[in-house]
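# Inside the fold
Below are the chains, spelled out letter by letter.
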Amino acid sequence: MTKATKQFQTEVKQLLDLVIHSLYSNRDIFLRELISNASDAIDKVRFEAHSNETILEGNSDWKIKIIPNKDAGTLTIRDNGIGMNMAEVEENIGTIARSGTKAFMQTLKDQAASDNPELIGQFGVGFYASFMVADKVTLYTRTAGSMEAGCCWESSGDGSYTIEECSREQRGTEITLHLKEEFKEYLDEWKIRSIVKKYSDYIQYPVVMDIIRSEVPKGVDGKEIEGAGTIETTKEETLNSMKAIWARAKSDVSEEEYNEFYKHISHDFEAPFRTIHFSAEGTSEFKALIYLPAKKPFDMFMADRKKGLQLYVKRVFITDKCEELIPDYLRFVKGVVDSSDLPLNVSREVLQEDVQVKRIQKGLVSKILTTLSEVKDKSFDEYVKFWKEFGQVIKEGIHFDFANKEKLQELVLFESTSTEAGSFVSLKEYVARMPEPQKEIYFITGNSRDALEQSPHLEVFRAKGFEVLFLTDPVDEWVVQALTEYDGKSLKAVDRGDISIDTEEEKKEKEKKREEAQKEFSDLISFLSDRLKDKVKEVRFSNRLTDSACCLVAEEYGMNANMERIMKALNQPVPESKRVLELNPDHAILKAMAAIHTQDKAAPVLADYADLLYDQAILTEGSPIKDPLRFTRLVSELMVKAAGK
Ligand code: ADP
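All values reported here derive from a predicted model rather than from experimental measurement.

Turning next to the site of the ligand. Close contacts around the ligand come from 12 residues, with Asn37, Asp79, Asn92, Phe127 and Thr173 the closest. Contact distances for the ligand include 3.3 Å between an oxygen atom and a side-chain N or O atom of Asn92. Interatomic distance of 2.8 Å between a backbone N/O atom of Phe127 and an oxygen atom of the ligand. Relative to its unbound accessible area of 530 Å², the ligand is 83% covered by the protein chains. For the shell around the ligand, the class distribution of residues is 4 nonpolar, 6 polar and 2 charged.

What follows is the structure in structure tokens.
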């Protein structure tokens, strides 16, 4: 095949541009990224070799070699890993095969990426980091076990690349960076040594380099031969210690090492929020080094994001995304598990069913939840920061992880009528500060705190000084289906059912008032019920309103406005469900309407008022009204009338 010139996918171009211009304060990491890729590639070929040894081609002297060439101004990184065929090179290097990339790029632009290198880091810039220091990158590669032609790829990072077949004896990948003039320092031995030591020390395979020394030759007696001048000797030296970090004792690992390892496995640029390193013994033996990130990844809610932990069996790499190790609601957790119990040739299917894997998962979840609970108790402010990033996902656990419900319900936080925006209360704290007469835990669901603050449903709770939790994440509707009780107190939606938060005395008084109103306005109520019969299930007087004229209430198990909105957003069919229109018996509008009704039962204005009342209730619950044109026309007419024109 001849050489073909191709264009990068648009997103790759944008990413290249961002990387080159935003990560300059952190240039050294290009080498870490290339070494990480090389190490992953060796992991992969070793794993494949479990089932097919021929792909090793007799070459299992694992190493990653760094070759600086001062004369040519190039730095080469060579591995004997899995390699790539032509199609894989195009797919891996020319495109970003993940959905949501476009949206992500936009976020980066909007947030001035240069101030947020960690955002780009999240994406895993990997290979592209090379273009920070090189004006041309050449990649030679050949797939393990396949003698089909190798492939040569080259680009100047300016929007296009060339690709062609080329013969290559050695398996694996070799990447040559043609360094920009100002970055020739990356050819210096000390510079390379220090970067490898700092970022890639724990890499499991030797990262080697030929070290050339000039020395005076020695005689048989071991002494330097006088007058012999100097000779150059070349020795391949290993630059990293290769210690699997999770296999070391906790006391032997520095925070910096933990953090660097985290960055290696997560591609995150920021240090993790918490590091959890432990060994389990007994029914299940494993070592785990897991990390809770500090920032949520941009693709946390996307279906195709990489999930899972790295799995090793007795220090041998098995897979880099074992989803079975961690439940979905902790999908943001990163790390490594090294099991002593699983067989080396463990397959996907086995992993899904294996009891050992289930035991490991149980152990990990328990450790993570305990860690979070400690952070919450000891440094609440820090916990809140974490909760803002990941709370939405953790809450899914309440619905799905019944076994850990007790622990999870202690971890959830909510905003409420008693917290400032952005501050939170736990259920424990809520219950502790409930005033004496309050018997239940109240909440309201909706899509924003601002909208909920206005809700007429809160009026009576405000009047009584009862705190109401604001549940504003879509997942909250499912949370409250599973979390119906806490500490013996039921959780109640303020916009559902016929709530009774009053004392016996207040109840009697309100009931009396309601009956009186029912009697006084009975004609009007029947008129309204008839007029709105297609829209509401019932019209009745309310005991939850103090200021507003009306509100809509879902039945105890009916669908509320928020749930309807969520279902619509998810493109789910929304069953027709009518709510109850509740009226405030003390509101002047009722008296006014009743007066008109008594005079003339057929007054056309009554029908308009009825519709306006209903639309008001719709608006205050944050839903769109069906006919905004008619609504505005009616209001305008009223304004004209009120102005006496
Ligand atoms: P990431 O490492 O985050 O996936 P990169 O841009 O660094 O992103 O690499 C993209 C893909 O290219 C890798 O996932 C891998 O499949 C492939 N790749 C990169 N470097 C190598 C290598 N040295 N050997 C084999 N495959 C590689």
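Okay, the side chain of Ser130 next. Residue placement: Ser130 occurs in the loop between helix H5 (117–123) and strand S4 (134–142). Residue classification places Ser130 among the buried positions, given a relative accessible area of 0%. Ser130 has contacts with Phe30, Leu34, Val137 and Leu177, leaving out every residue within four places of it along the chain.

Let us now look at the pattern of salt bridges. Per the stated rule, a full pass over the model turns up 48 salt bridges. In this structure, Lys197 engages Asp201 in a salt bridge whose closest nitrogen and oxygen atoms are separated by 2.9 Å. The exposure class of Lys197 is partly exposed, given its relative accessible area of 46%. We note a salt bridge from Arg540 to Glu582, for which the minimum N-O separation is 2.9 Å. Here Arg540 is found in strand S21 (residues 536–541), whereas its partner Glu582 is found in strand S23 (residues 579–583), with 42 residues between them in sequence. Accessibility assignment for this pair places Arg540 and Glu582 in one class, buried.

It is worth spelling out the packing of aromatic side chains at this point. Summed over the entire model, instances satisfying the criterion amount to 19 aromatic pairs. Here the basic side chain of Arg32 rests over the ring of Phe269, its NZ or CZ set 5.7 Å away from the ring centre. The ring of Phe278 carries the charged tip of Lys367 above its face, separated from the ring centre by 4.9 Å.

If you check helix H20 (residues 588–599), its first and last C-alpha atoms are 17 Å apart, about what 12 residues at 1.5 Å a residue would give, namely 16 Å. Taken together, the buried positions of H20 are occupied by Leu590, Met593, Ala594 and His597. Taken down its axis, H20 places every buried residue within 105° of arc, on the same side. Projecting away from the buried face of H20 at angles above 90 degrees are the exposed residues Ala588 and Gln599. Considering only its buried residues, H20 is in contact with helix H18 (522–531), S21, S23 and helix H21 (604–620).

Turning next to the sheet that holds S21. A sheet is described by the order of its strands in space; here 3 strands give the open sequence S21-S23-S22, paired in mixed fashion. This sheet does not close on itself; its edge strands, each paired only once, are S21 and strand S22 (550–553). The mean angle between the axes of side-by-side strands here comes to 25°, regardless of whether they run parallel or antiparallel. Here S21 pairs with S23 via 5 bridges, running parallel. Residue Glu538 lies in a different strand from S23, and its bridge partner there is Val580. Sheet contacts for H18: S21 and S23; angle to S21, the most-contacted strand, approximately 160°.

Splitting the chain by domain gives domain 1 (4–238), domain 2 (245–362), domain 3 (412–493) and domain 4 (504–644). A straight line from the C-alpha centre of domain 3 to that of domain 4 covers 25 Å. In this complex, domain 3 contributes 15 residues to the contact, which on the side of domain 4 involves 20 residues. Note on domain 3 versus domain 4: buried area summed over both sides is about 1400 Å², and carbon and sulfur give 53% of it. Interface area lost by domain 3 to domain 4 is led by Pro456, His457 and Glu459, which between them contribute 38%. Between the two partners, domain 3 and domain 4, sit 1 salt bridge.

Definitions and limits used
Residues numbered from 1 in each chain as written. Predicted model: local features only at pLDDT ≥ 70, side-chain atom pairs only at ≥ 80, totals over all residues. Heavy atoms only, no water. Near = heavy atom within 4 Å. Polar contact = N/O pair within 3.5 Å; in protein donor to acceptor, adjacent residues only side chain to side chain. Areas by Shrake-Rupley, 256 points an atom, 1.4 Å probe, with all protein chains shown as cover. Nonpolar A, V, L, I, M, F, W, Y, C, P; charged D, E, K, R; others polar. Helix = DSSP H or I, 4+ residues; strand = E, 2+ residues; numbered from the N terminus. Buried < 20%, exposed > 50% of the residue type's maximum accessible area, 1.4 Å probe, protein only. Contact = heavy atoms within 4.5 Å. Salt bridge = Lys/Arg side-chain N within 4 Å of Asp/Glu carboxyl O. Phe/Tyr/Trp six-rings, centres within 6.5 Å; stacked < 30°, edge-to-face > 60°. Lys NZ or Arg CZ within 6 Å of the ring centre and 35° of its normal. Expected span 1.5 Å × (residues − 1). Arc of directions from axis to C-beta. Pairing = 2+ DSSP bridges. Axes fitted to C-alpha atoms, helices over the stretch in contact; angles between N-to-C directions. Domains from an automatic or database assignment. Buried area = accessible area lost by both parts, 1.4 Å probe.

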